[in-house]
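Remarks on the overall topology
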Amino acid sequence: IDNVRLHVKEAIESIPPCTKVTYVVGEAERIPFCSTVDLVFYSYSWNFITNFDKALQEADRVLKPGGIIAVLEPTEDSRNWANPEMNLKSENFNEELYRRKIEKIRKAEEALHKQKTFRLFEENRDNGGAFSLFVLGR
């Protein structure tokens, strides 16, 4: 969580003062607010969720009518992870850790395809295949 808070602090400092963006740190299974939002955005975090159904229920609870969910996730083709144990080019590469991560990414993607709460509007991979973007809505 401390690492996440650091990233949020950096994001807040980098946006123009007139921008209307609110950052909230919490768990997908317990979104920490009651007001409704236009967008729920999971950035490289969907694969960390332990209960995908509960996370989608929470997203459904807080989304305004017409709101969307965007999920940005790494793929199996991601090769240059910041963590040296995950980076295939690193001398500290850990095959088992990498394998477990790829399995979590696969399960997370499968959960998006199998869920029945939202319609999957779009699924795209970047040109190099390092990440996927999923857009869901009602």
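Each remark here, short or long, concerns the structure printed above.
This is a predicted model, so every value here is computed, not measured.

Scanning the model with the defined rule gives 9 salt bridges in all. Of the charged contacts in the structure, one is a salt bridge between Arg 30 and Glu 27, with a shortest N-O distance of 3.0 Å. Judged by relative accessible area, Arg 30 falls into the exposed class, the value being 56%. The partly exposed category is assigned to Glu 27, whose relative accessible area is 42%.

We now examine helix α3 (residues 95-114). For α3, which comprises 20 residues, the first-to-last C-alpha distance of 28 Å matches the rise-based estimate of 28 Å (1.5 Å per residue) to within 8%. Among the residues of α3, Tyr 98, Lys 101, Ile 102, Ile 105, Ala 108, Ala 111 and Leu 112 are the ones counted as buried. In this structure, the buried residues of α3 make contact with α2 (52-62), β2 (63-74) and β4 (131-137). With a side-chain oxygen lying 3.0 Å from the backbone nitrogen of Glu 96, the N-terminal cap of α3 falls on Asn 94.

Another point: the nonpolar core. One finds Val 40, Tyr 42, Trp 46, Ile 49, Ile 69, Val 71 and Leu 136 to be the most contacted residues of the largest nonpolar core, which totals 21 residues. Contributions of two or more residues to this core are made by β1 (37-43), α2, β2, α3 and β4. Considering every element that reaches this core, the biggest residue donor is α2, with 5 residues. The residues touching Val 71, leaving out its near neighbours within four places in the chain, are Tyr 42, Trp 46, Leu 112, Ser 132, Leu 133, Phe 134 and Leu 136. Ranked by size, the runner-up nonpolar core spans 5 residues in total, among them Trp 81, Tyr 98, Ile 102 and Ile 105.

Tracing the sequence through the fold places Cys 34 in the loop between α1 (2-14) and β1. The class for Cys 34 is exposed, based on a relative accessible area of 72%. When the C-alpha positions of Cys 34 and Leu 6 are compared, they lie 24 Å apart, and in sequence the two are 28 residues distant.

Another aspect to go through is the pairing of β1. Pairing of β1 with β2, which is carried by 6 bridges, proceeds in the parallel orientation. Across the sheet, residue Val 37 finds its bridge partner in β2, namely Leu 63. After leaving β1, the chain enters α2 and then returns to the sheet as β2, a path that is right-handed.

So, how was this worked out
What you see as residue numbers is a count from 1 along each chain, following the sequence as written. Since the coordinates come from a predicted model, pLDDT governs what is reported: local features require at least 70, and pairs of side-chain atoms require 80 or more to be given and counted, while whole-chain, interface and lining totals use all residues. The side-chain numbers reported here are obtained from all heavy atoms of the structure, hydrogens and water having been left aside. Note on definitions: salt bridges are taken to be side-chain nitrogens of Lys or Arg within 4 Å of carboxyl oxygens of Asp or Glu. Burial classification: accessible surface area is computed with a 1.4 Å probe over protein chains only, and a residue below 20% of its type maximum counts as buried, one above 50% as exposed, and the rest as partly exposed. A helix here means a DSSP run of H or I that spans at least four residues, while a strand means a run of E at least two residues long, and both kinds are numbered starting from the N terminus. Expected helix span is taken as 1.5 Å per residue step, with the number of steps being one fewer than the number of residues. In what follows, residue pairs with any heavy atoms lying within 4.5 Å of each other are defined as contacts. Side-chain atoms alone can form a polar contact between residues adjacent in sequence; in general such a contact is a pair of N or O atoms within 3.5 Å, and within protein one must be able to donate a hydrogen while the other accepts it. The set of buried Ala, Val, Leu, Ile, Met, Phe, Trp, Tyr and Cys residues whose side-chain atoms join them within 4.5 Å is what this entry labels a nonpolar core. A pair of strands is labelled paired if DSSP reports no fewer than 2 bridges between them. A crossover gets the label right-handed when its path from the first strand over the helix to the second runs clockwise, viewed with the strands pointing away from the viewer.

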